[in-house]
Amino acid sequence: MGTQESNEQAQEKAPGTGRRALLGAAVLGAGGAVLGLSGTARADGRDPGRGVKGLPVPTIIGHRGASGYRPEHTLGAYQLALDMGADIVEAGDLVPTKDGHIVCRHEPEIGGTTDVADHPEFASRKTTKVLDGVPVTGWFTEDFTLAELKTLRATERIPANRPNNTLYNGVWEIPTFEEVLQWQEEQTRKRGKQVWIYPELKHPTYFRKLGLGLEERVAKLLRKYGRNRWNSPVILQSFEPTSIQRLNKLVDNPLVVLLSGASTRPWDFVETGDPRTVADLVKPAGLREIASYAQGIGPTLDLVIPKDANGRLTRPTTLVADAHKVGLVLHPWTLRNENPFLPADFRKGAEADAYGDVFGAYRAYFATGIDGVFTDHPDTGLLAREAFVNG
């Protein structure tokens, strides 16, 4: 470890610890009620003067906006999530353009979420790249300038599951992260209450190798808009722990490490030769390490309640209790209303776009003591929370 890095860590230690203590208190204060009183827990009202501690628990997070009803990562999806009452909007998944701007797309490959294939002027841009070890064919944001991307329009990513969303294909353009920050400020002013966002840095190692480092660009925008503090209404997340560690040195925002399947390895671990898997990170020692630089984890729901070979829920793991012991918040992902995305216990019928018993699924997950959940259908999540809290 170099001297400069050590000095930076020392300078960040105090505010970082403060952020962990703040968010941990929110978990053990409000979330602890869920752990002790399953089905009768109290959802705290929003208190804008308390930062993260003022958010309701369980927190309902609009996953890529209200993406169950509008094409994801559009201002239309974000706006609808707010209108439905989401506590936080995941706006958005952050990827860079060729000229260094940050835009909101689920992945850098945009063939599945925009009408780029209908633009003959961009036909030659279609290519195959290796993204985190996987060959991907399509069009990539880093091969377009922002001006070029602004000529495209967003489309529904999973039309088989959400045929009604295709009505809105072509309505919205690709938003930049700066536009989202401006929208957040405008909506906060109009609504008279603080609007929260929960952006994710996508594939940071991949982009750093291309000379398009995400962390510094995101931090610069947060500083520009004064949203880089411990109590700023912006929670940052990434699947790469080293990206969160880098952010911990650049901003004081609450930080969350995303965790995929137990047998997977974060791509930055693959690149650096770190042999650990997610299964190692969710052990008490791994969680203690995460708590040294982050304030929460975003595990896949299967890490909270595994499924059996038939896709049915089994017994909850100890992850919620283990994470709470070290002061970490848990915001698992993702609850959706449609059958294919639900545990087999809660499916109804066989149609891909038919709704299952998602309220039953919410009850099962809320009962574990999670502090919130990402959902494509914020209105359903809010009703489920109300039913759970009122017992």
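Quick note: structure is the one above.
Parameters and conventions
- Residues numbered from 1 in each chain as written.
- Predicted model: local features only at pLDDT ≥ 70, side-chain atom pairs only at ≥ 80, totals over all residues.
- Heavy atoms only, no water.
- Pairing = 2+ DSSP bridges.
- Helix = DSSP H or I, 4+ residues; strand = E, 2+ residues; numbered from the N terminus.
- Contact = heavy atoms within 4.5 Å.
- Axes fitted to C-alpha atoms, helices over the stretch in contact; angles between N-to-C directions.
- Buried < 20%, exposed > 50% of the residue type's maximum accessible area, 1.4 Å probe, protein only.
- Salt bridge = Lys/Arg side-chain N within 4 Å of Asp/Glu carboxyl O.
- Expected span 1.5 Å × (residues − 1).
- Arc of directions from axis to C-beta.
- Parallel < 35°, antiparallel > 145°, perpendicular 65-115°, else oblique.
- Left-handed = near helix turned anticlockwise from the far one by under 90°.
- Nonpolar A, V, L, I, M, F, W, Y, C, P; charged D, E, K, R; others polar.

Visitor: I tried to follow the sheet that holds strand S2 (residues 88-89) on my own but got confused; where do I start?
Guide: By definition, the strands of a sheet pair up through backbone hydrogen bonds, in either a parallel or an antiparallel sense. On the basis of which strands lie adjacent, the open sheet formed by four strands has the order S7-S2-S1-S13 and parallel pairing. In this open sheet, the two strands that pair with only one neighbour each are strand S7 (196-197) and strand S13 (372-375). Here strand S1 (residues 59-62) runs beside S13; their pairing, made up of four bridges, is parallel. The residue bridging glycine 62 from the neighbouring strand is threonine 375, located in S13. Each of S1 and S13 is contacted by helix H14 (residues 378-390), which is oriented at about 170° to S1, the strand it contacts most.

Visitor: Before we go on, may I ask you to explain unusual backbone geometry in this structure?
Guide: Glycine aside, negative phi is the norm for most residues, and most peptide bonds take the trans geometry. With omega at 0°, the peptide bond leading from alanine 91 into glycine 92 counts as cis. Structurally, glycine 92 is set in the loop between S2 and strand S3 (93-96). The phi dihedral of histidine 73 falls on the positive side, at around 50°, and the residue is not glycine. Residue placement: histidine 73 occurs in the loop between S1 and helix H2 (75-84). Judged by its relative accessible area of 0%, histidine 73 is buried. Within the chain, histidine 203 stands out as a residue other than glycine whose phi angle is a positive 50°.

Visitor: How do you make sense of the pattern of salt bridges when you look at a structure like this?
Guide: Should the charged atoms of two oppositely charged side chains come close, the side chains can pair. By the definition in use, this model includes 27 salt bridges. Notably, a salt bridge pairs aspartate 274 with arginine 276, separated by 2.9 Å at the nearest N-O pair. Classification of aspartate 274 as buried rests on a relative accessible area of 18%. Under the relative-accessibility criterion, arginine 276 is labelled partly exposed at 23%. Put simply, aspartate 302 and lysine 307 hold a salt bridge, and the shortest N to O gap is 2.6 Å.

Visitor: Quick question: what am I supposed to make of H14 here?
Guide: In an α-helix, one turn spans 3.6 residues; hence positions three or four apart end up facing the same way. With 13 residues, H14 extends 18 Å between its outermost C-alpha atoms, agreeing within 8% with the 18 Å of an ideal straight helix rising 1.5 Å per residue. Those residues of H14 not exposed but buried are Pro378, Thr380, Gly381, Leu382, Ala384, Arg385, Phe388 and Val389. Immediately downstream of H14, the backbone of glycine 391 shows phi near 70°, a positive value.

Visitor: Would you mind showing me how to read helix H10 (residues 284-291) here?
Guide: Every buried residue of H10 is accounted for by Gly286, Leu287, Ile290 and Ala291. Down the axis of H10, the smallest arc covering the buried residues is 140°, so these residues share one side.

Visitor: How should the packing of helix H13 (residues 358-366) against H14 be read in this particular structure?
Guide: When two helices pack together, their arrangement is captured by the angle between the axes and the distance separating the axes. Where H13 contacts H14, the axes come no closer than 10 Å and their chain directions differ by 60°. It follows that H13 is oblique to H14 by the angle criterion. The two elements H13 and H14 cross, and the hand of that crossing is right-handed. Between H13 and H14, the residues in contact are Val358, Phe359, Tyr362, Arg363 and Phe366 and Thr380, Gly381, Leu383, Ala384, Arg385 and Phe388, respectively. Of the residues belonging to the contact of H13 with H14, the class tally is seven nonpolar, two polar and two charged.

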